[in-house]
Amino acid sequence: MKLLRFLLLPLLLGGLTLPAQAQRRAPAPAAGVFVDNQGVLRWQDTKREVALFGVNYTAPFAHAYRAHQAVGADVEQAIRQDVYHLTRLGVDAFRVHVWDVEITDTLGNLQPNEHLRLLDFLLAELKQRGIKTILTPIAYWNNGYPEPDTGTGFSSIYSKAEAYVNPRAIAAQERYLTQFLNHQNPYTKRLLRDDPDIIAFEVCNEPRYHEPQAQVTDFANRMVRAMRATGLQKPIFYNIAENFAVHEAILDANVDGLTFQWYPQGLVSGHELRGNLLPYVDQYPIPYRNDPRFRRRAKMVYEFESADVLQPVMYPMMARSFREAGFQWATQFAYDPLAIAPFNTEYQTHYLNLAYTPSKALSLLIAGKVFREVKRGQQFRRYPADSVFGPFRVSYREQLSEMNTDEEFYYTNNTRTAPKKPAKLQHLAGVGSSPVVTYAGTGAYFLDRLAPGVWRLEVMPDAVPLRDPFETASLRKVVTSIQWNEQPLRLQLPDLGAEFSLRGVNKGNSAQQQAQGGALAVRPGTYLLTARGKTTAKWTAETQLGGLGLAEFVAPAPTPGLPGLRPTPPAQAAAGQPLRLPVQVAGAGPQDSLLLVAQHWYGRTRTLPMTRRGLTTAEATVPAELLYPGQLRYWVVLKRPGQRPLTFPGGVPGQPRDWDFYSQEHWEVPIVAAGSPLPLYRAAHDQRRVEVRGTENAFSGWADYVTTPAGELALRLVVPVPKPGARAAEPAPAVSLRAYFADQLAGRAGELASAKELLVRARTSQPGARVQLLLVTKDAAAYAAPLALTTDWQTVRIPLSALQPAPLLITPRPYPGFLPLHFQPTTQPAQLRLADAEVLQVVVDGPATGSPLQVDIESVQLQ
């Protein structure tokens, strides 16, 4: 552990500038909220509607707390860093389910300890930045995930199912709620129940209930009475989405608001989900939305996330759907603390941090703008017609979310969109380049206009993905590398002109430059930009800009250790055609060179110089002469002046053609002859790339891997027989395979035009099984055909012309379970355009009859 702290400490110390005055700032004016008789949450002073958007964040508790200890990070300092970044992203809402198991005994008595102190400290930091809070005092979780449990409070001895029926558990919760609400924060000197910046409370996190419903209602009311007995006047919310079967019980309870979650493509896939997932967040229809008991309650989204997804397009659409459904509060789960974000260990299915996932973080900024701009209950057309609304645009194909108004311009990727009125711009933030900012780095940047011809520039370091962040996580495995590169920047802001000056203002940043033609080079930091003839005497390190200090800057230090490379080899390449092989690069400076060594297995070998497209990308093209049918293997060699070369994968000293190069690691690409089948799914190769899920209905299925009579691996989809006494059900999806294949075909894209049919190697245990095969396009239009199988292994041929427009199955299954399972656009082309296809689905319907239904799939190919 000491060695781990030594290795990781540099990650935690770089780039922090938090002026003392930022911590002493007087709290922003605070006002309470109330719920009117129409179920609208309003500010007490102005009577205006509340619309707050932000995150969950858990540094004081559980794994996040332990991980900070493991990497040697000061948790208070980490909280300051993260709250600054949240402010930078425009967050104005914070929620956390408090790990009661870490701050209570088994009787429910509040225990003053480090976890409670850090929660108090966090609440005080949020208050100073004007961020409002809703607390959920009871989590019901123990504190172990992903490690063993160590909590000793009442939730360590009572399960969720016991918590509302066991008299001792109920008494412990009453005791705890009373003491928690009456707890005085030593930093704010306020009782939690009286702090105006804690605007409401949610009783408990994701309870587990069952019939009879009256018992559920009684428990909820008892918790509310205990809270009101403290003198609490604020709204009390209660979770209704977790237990749909007994939702009537919560509608009958004496609560002011109702809480929901949204995980639109499930959780914990174990790898990054690819493909167009925007239909998954197209709407949030609540089944009981017209019930008067529902309509008179305020609505809150306590958690949401596009789990296992890095695409920067999901959050803005989710925010829009939340407002359409009438929500006034939404908090993402969960923002990754900066100190442990390199590893994504807190919750491997979530990954969000300004430094480490810059595009996704800026999409959260834009989503917050959506949430506040869109009117509560405003209706929208369905996807894809709803992807442009007001000043917002969301594009899956461009991996781009945008906001463009007279004064604000934000974007998550390279964009050709020009700001609406450049001369009136006040705030700009982006990743990549736009018509007014050309930037070669991969980190986020922010530009804020202080006065005509005077701007504040904040530049984050480059973030370079090295591994899939959603795989099994470890504090010994960095998934994203941070590099403090000097990157070219060109600005075309009308009031700055082409010869503006730049001056570093954060601590330790002494940079001074004069732009030529609007261009200069910058490193991570905070700067003042000044047009020719303008003075900056009034702008000092002590200047406050709303919730930010002029000189504030927080960024992680460069990732220590060996340089890193991440290749993207295609599944196959076409014989006789040149092959482009790109890599992402972390830790290679401008003076370093990269070589690609390509070898046709034991045949010819070529050493090719790689072209640097920037400091974080490189590529080389393997000539056609090396690409005859067989196997290509390749390495990348990093050469640094005066040092021994390093060969990747592995960062092994030496080069592949050295006599003593011992590493057996390499990357490889099969080279196939033109006309051979194009793979969409191969059970033997794609286990870690696909999603195989039951639909969690009455006859939800599961999957396993088996072997064929020839010894080949096959995926088995299983549909169980309904339990005795279960109601007869109409056929419906029970289990499915989803496989993203667009990247698999990158090396053979030119052959798609000649494909005529699908070849499916499969069998079933029951003739007549209802099985459907679908291809889904980049625009989320699905085309389906039945898959007729027998009990014998066979290759089923499906002409592409047989595929017809059909609903897309929303899989992995969304939470909560009442959300739609299918999506179909209002209009779509009658025929599939194969060049746009990117996802394969195989769907097996249930219920099974007599015995479990099995469908075995070895491969799906295009011919």
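This text goes with the structure placed above it.
Right, let's walk through the structure included here.

The rules behind these values
Residues numbered from 1 in each chain as written. Predicted model: local features only at pLDDT ≥ 70, side-chain atom pairs only at ≥ 80, totals over all residues. Heavy atoms only, no water. Phe/Tyr/Trp six-rings, centres within 6.5 Å; stacked < 30°, edge-to-face > 60°. Lys NZ or Arg CZ within 6 Å of the ring centre and 35° of its normal. Pairing = 2+ DSSP bridges. Helix = DSSP H or I, 4+ residues; strand = E, 2+ residues; numbered from the N terminus. Axes fitted to C-alpha atoms, helices over the stretch in contact; angles between N-to-C directions. Core = buried A, V, L, I, M, F, W, Y, C linked by side-chain atoms within 4.5 Å. Buried < 20%, exposed > 50% of the residue type's maximum accessible area, 1.4 Å probe, protein only. Contact = heavy atoms within 4.5 Å. Parallel < 35°, antiparallel > 145°, perpendicular 65-115°, else oblique. Left-handed = near helix turned anticlockwise from the far one by under 90°. Nonpolar A, V, L, I, M, F, W, Y, C, P; charged D, E, K, R; others polar. Expected span 1.5 Å × (residues − 1). Salt bridge = Lys/Arg side-chain N within 4 Å of Asp/Glu carboxyl O. Polar contact = N/O pair within 3.5 Å; in protein donor to acceptor, adjacent residues only side chain to side chain.

**Quick notes on the packing of aromatic side chains**
Stage number 1. All chains considered together, the criterion is met by 37 aromatic pairs.
Stage number 2. Seen from their ring centres, Phe322 and Phe327 are 5.8 Å apart, and the 85° between their planes marks the pair as edge-to-face.
Stage number 3. Lying across the ring of Trp539, Lys538 places its NZ or CZ 4.8 Å from the centre.

**Some details on the sheet that holds strand S48 (residues 804-806)**
Stage number 1. The six strands are arranged S40-S43-S51-S45-S46-S48 in an open sheet whose pairing can be described as antiparallel. On the outer flanks of this sheet lie strand S40 (690-694) and S48, each paired with one strand and no other. Direction aside, the axes of adjacent strands within the sheet are offset by 30° on average.
Stage number 2. Summarising the sheet, S40 and strand S43 (residues 732-740) pair through five bridges and their orientation is antiparallel. Bridged to Gly694 within S43 is Val735.

**Overview of the nonpolar core**
Stage number 1. With 150 residues, the main nonpolar core has Phe180, Phe260 and Phe322 as its most contacted residues.
Stage number 2. Among the elements that line this core, the one with the most residues is helix H13 (residues 358-373), at eight residues.
Stage number 3. If sequence neighbours within four positions are ignored, Phe260 has contacts with Ile240, Ala241, Tyr284, Ile286, Tyr288, Phe294, Met300, Val301, Tyr302, Glu303, Phe327 and Phe818.
Stage number 4. Residues Leu752, Val771, Val842 and Val855 belong to the second largest nonpolar core, which totals 44 residues.

**Focus on the packing of helix H8 (residues 167-181) against helix H9 (residues 213-228)**
Stage number 1. Direction vectors running N to C along H8 and H9 enclose 30°, while the axes themselves pass 9 Å from each other. When the axis of H8 is compared with that of H9, the two are roughly parallel. Helix-helix and strand crossings are classified by hand; for H8 and H9 the assignment is right-handed. Along its contact with H8, which presents Ile170, Gln173, Glu174, Leu177, Thr178 and Leu181, the element H9 presents Phe219, Arg222, Met223, Ala226 and Met227.
Stage number 2. Grouping the amino acids of the contact of H8 with H9 by side-chain chemistry returns seven nonpolar, two polar and two charged.

**Quick word on helix H12 (residues 314-325)**
Stage number 1. Here H12 contains twelve residues, and its C-alpha end-to-end distance of 17 Å stays within 8% of the 16 Å for a straight helix at 1.5 Å per residue.
Stage number 2. H12 sits mainly inside the fold: eleven of its twelve residues count as buried.
Stage number 3. Considered for burial, the residues of H12 that qualify are Met314, Tyr315, Pro316, Met317, Met318, Ala319, Arg320, Ser321, Phe322, Arg323 and Glu324.
Stage number 4. One or two residues past the end of H12 sits Gly326, with phi positive at roughly 100°.

**What about the pattern of salt bridges?**
Stage number 1. Under the definition given, this model contains 51 salt bridges.
Stage number 2. Linking Asp448 and Arg88 is a salt bridge whose minimum nitrogen-to-oxygen distance equals 3.0 Å. Taken together, the residues span a long stretch of sequence, with Asp448 in strand S17 (residues 445-451) and Arg88 in helix H4 (residues 75-88) at a distance of 360 residues. Taken individually, Asp448 and Arg88 each receive the classification buried, so the pair is uniform in this respect.
Stage number 3. The partner of Lys420 in a salt bridge is Asp406, and the shortest N-O contact between them spans 3.9 Å. Of this pair, Lys420 sits in the loop between strand S14 (408-411) and strand S15 (427-430) while Asp406 sits in the loop between strand S13 (400-404) and S14, and the two are 14 residues apart along the sequence.

**Side note on the packing of H4 against helix H6 (residues 114-128)**
Stage number 1. Two elements in contact, H4 and H6, have axes whose closest approach is 10 Å; the angle formed by their N-to-C orientations is 30°. Comparing their axes, H6 and H4 come out roughly parallel. In terms of crossing hand, the pair formed by H4 and H6 is right-handed. Seen from H4, the contacting residues are Val75, Glu76, Ile79, Arg80 and Val83; seen from H6, they are Arg117, Leu118, Phe121, Leu122, Glu125 and Leu126.
Stage number 2. Split into classes, the residues belonging to the contact of H4 with H6 amount to seven nonpolar, no polar and four charged.

**Things to note about H8**
Stage number 1. Counted at 1.5 Å a residue, the expected span for H8 with its 15 residues is 21 Å, and the 21 Å between its end C-alpha atoms agrees.
Stage number 2. For H8, the complete set of buried residues consists of Ala169, Ile170, Ala172, Gln173, Glu174, Tyr176, Leu177, Phe180 and Leu181.
Stage number 3. Those residues of H8 that are buried lie in contact with helix H5 (100-103), H6, strand S5 (132-136), helix H7 (160-163), strand S6 (198-202) and H9.
Stage number 4. Taking the backbone nitrogen of Arg168 as reference, a side-chain oxygen 2.8 Å away marks Asn166 as the first, capping residue of H8.

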